[in-house]
Amino acid sequence: KAGVTQTPRYLIKTRGQQVTLSCSPISGHRSVSWYQQTPGQGLQFLFEYFSETQRNKGNFPGRFSGRQFSNSRSEMNVSTLELGDSALYLCASSLGQGGSNQPQHFGDGTRLSIL
Amino acid sequence: AQKITQTQPGMFVQEKEAVTLDCTYDTSDQSYGLFWYKQPSSGEMIFLIYQGSYDEQNATEGRYSLNFQKARKSANLVISASQLGDSAMYFCAMREGTGGYQKVTFGTGTKLQVIP
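This one's a predicted model, so the numbers in the text were calculated from it and none came from an experiment.

Each helix and strand in chain B was counted, giving zero helices and twelve strands. In sequence order, chain B lays out its α and β elements as β-β-β-β-β-β-β-β-β-β-β-β. Taking 13 Å as the expected radius of gyration for a compact globule of 116 residues, we find that chain B reaches 14 Å, a close match to that expectation. For chain B, the spread of C-alpha atoms along the three principal axes comes to 45 × 30 × 25 Å. Burial statistics for chain B: of 116 residues in total, 47% are counted as buried. Accessible surface computed for chain B: about 5,700 Å², of which carbon and sulfur atoms make up 49%. Side-chain charges in chain B split into 10 positive and 11 negative, and the spacing between the mean points of these groups amounts to 4 Å.

If you want it as structure tokens, here you go:
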């Protein structure tokens, strides 16, 4: 079974630009969550999508947005990039239904650098 | 209050020795799940072990075991017979809620270094 796939692996952008990151979950997984990881702030939750609907959201500005498609693939968009957006962005998928016993399975991440 | 607390920013362990990584949690839910993940320097997060709040026995997965003390709200990870490849960041996480209202919170992590 293929794991969670994130593209691209590395990205370099400049301030003010926008970026779109992609995540393909494990087949059969309907929940996709996005996290930002930085050395200073650790792993911070961005948002979660389930069945094309955002059902949980972290404390990030509106410049960060996402969406999920009918095949459960998800994209995350960051507009008007700032230097502080440099981070490893991790996507995680899980079944999304039922109780709290579902582990999240992570992709390798996209490392975004803002110049 | 922090939902997940990992009080050890860094740990050293001798190869082949056992090591315990601490994790305490805070929740008012009766049903929740506790997870441990490993993140090597390459960046990927690897799921290691899960413990459910209603599980009476401590979870074990190979060299990993979870010392679950519900009354103390702790879920410590025990790695037996440490190997050099165990050197990595380790994150404790909790999933609360049910159905469409589940939330996952991660701790700040513990950096484990295995010494030959």
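Contact with chain B, which involves 21 residues of that partner, is made by 22 residues of chain A. For the pair chain B and chain A, the summed buried surface comes to about 1,700 Å²; carbon and sulfur atoms form 48% of the total. Contact with chain A buries area across many residues of chain B, yet Met45, Arg95 and Gln102 of chain B alone supply 29% of it, more than any other trio. The tally of links from chain B across to chain A stands at zero salt bridges. Here chain B is connected to chain A by two residue pairs in polar contact (both at pLDDT 80 or more). For the side of chain B that touches chain A, the element with the most residues is strand 5 (residues 32-39) of chain B, which contributes five residues. Taken together, the residues that form the side of chain B that touches chain A break down as nine nonpolar, ten polar and two charged.

In total, this model carries nine salt bridges over all chains according to the counting rule given. For Glu48 of chain A, the salt bridge goes to Arg55 of chain A, with nearest N and O atoms at 2.9 Å. There is no split in this pair, since Glu48 of chain A and Arg55 of chain A are both buried. Asp86 of chain B is the salt-bridge partner of Arg63 of chain B, the closest N and O atoms lying 2.8 Å from each other. Taken as a pair, Arg63 of chain B in the loop between strand 7 (60-61) and strand 8 (64-69) and Asp86 of chain B in the loop between strand 9 (74-79) and strand 10 (88-96) lie far apart in primary sequence, 23 residues in all. Of the residues examined, Asp86 of chain B reaches a relative accessible area of 2% and is grouped as buried. Residues participating in the shared-partner salt-bridge network are Arg63, Glu82 and Asp85 of chain A.

Turning our attention to the state of the cysteines. All names here are of chain A. Counted according to the given criterion, the structure contains two disulfides over all chains. Disulfide pairing is shown between Cys23 and Cys91; the S-S distance is 1.7 Å. On the S-S bond that ties Cys23 to Cys91, the torsion sits near -55°, and the link is left-handed. Here the residue Cys23 occupies a position in strand 3 (residues 19-24), and Cys91 occupies one in strand 9 (residues 87-94), the gap between them amounting to 68 residues.

Here we come to the side chain of Gln51 of chain B. All names here are of chain B. Secondary-structure assignment places Gln51 in strand 6 (residues 46-52). For Gln51, the side chain forms a polar contact with the main-chain nitrogen of Ala59, separated by 2.8 Å. Once residues lying within four places of it in the same chain are set aside, the contact partners of Gln51 are Tyr32, Gly33, Leu34, Gln57, Asn58, Ala59, Leu66 and Phe68.

Right, let's talk about the packing of aromatic side chains for a bit. One pair of aromatic rings is described through two measures. These are the centre distance and the angle between the planes. Per the stated rule, a full pass over the model turns up 14 aromatic pairs over all chains. An angle of 80° between the planes, with centres 5.3 Å apart, marks the rings of Tyr35 of chain A and Phe106 of chain B as edge-to-face. Remark: Phe106 of chain B occurs in strand 11 (residues 103-106) and Tyr35 of chain A occurs in strand 4 (residues 31-38); the pair is interchain, linking two chains. Of the two residues examined, Tyr35 of chain A and Phe106 of chain B, each falls in the buried class.

Reading the values: rules and limits
- Residues numbered from 1 in each chain as written.
- Chains lettered and ligands numbered in written order.
- Predicted model: local features only at pLDDT ≥ 70, side-chain atom pairs only at ≥ 80, totals over all residues.
- Heavy atoms only, no water.
- Helix = DSSP H or I, 4+ residues; strand = E, 2+ residues; numbered from the N terminus.
- Rg over C-alpha atoms; globule rule 2.2 N^0.38 Å.
- Buried < 20%, exposed > 50% of the residue type's maximum accessible area, 1.4 Å probe, protein only.
- Areas by Shrake-Rupley, 256 points an atom, 1.4 Å probe, with all protein chains shown as cover.
- Lys, Arg positive; Asp, Glu negative; His and termini not counted.
- Charge placed at Lys NZ, Arg CZ, Asp CG, Glu CD.
- Contact = heavy atoms within 4.5 Å.
- Buried area = accessible area lost by both parts, 1.4 Å probe.
- Salt bridge = Lys/Arg side-chain N within 4 Å of Asp/Glu carboxyl O.
- Polar contact = N/O pair within 3.5 Å; in protein donor to acceptor, adjacent residues only side chain to side chain.
- Nonpolar A, V, L, I, M, F, W, Y, C, P; charged D, E, K, R; others polar.
- Disulfide = S-S within 2.5 Å.
- Phe/Tyr/Trp six-rings, centres within 6.5 Å; stacked < 30°, edge-to-face > 60°.

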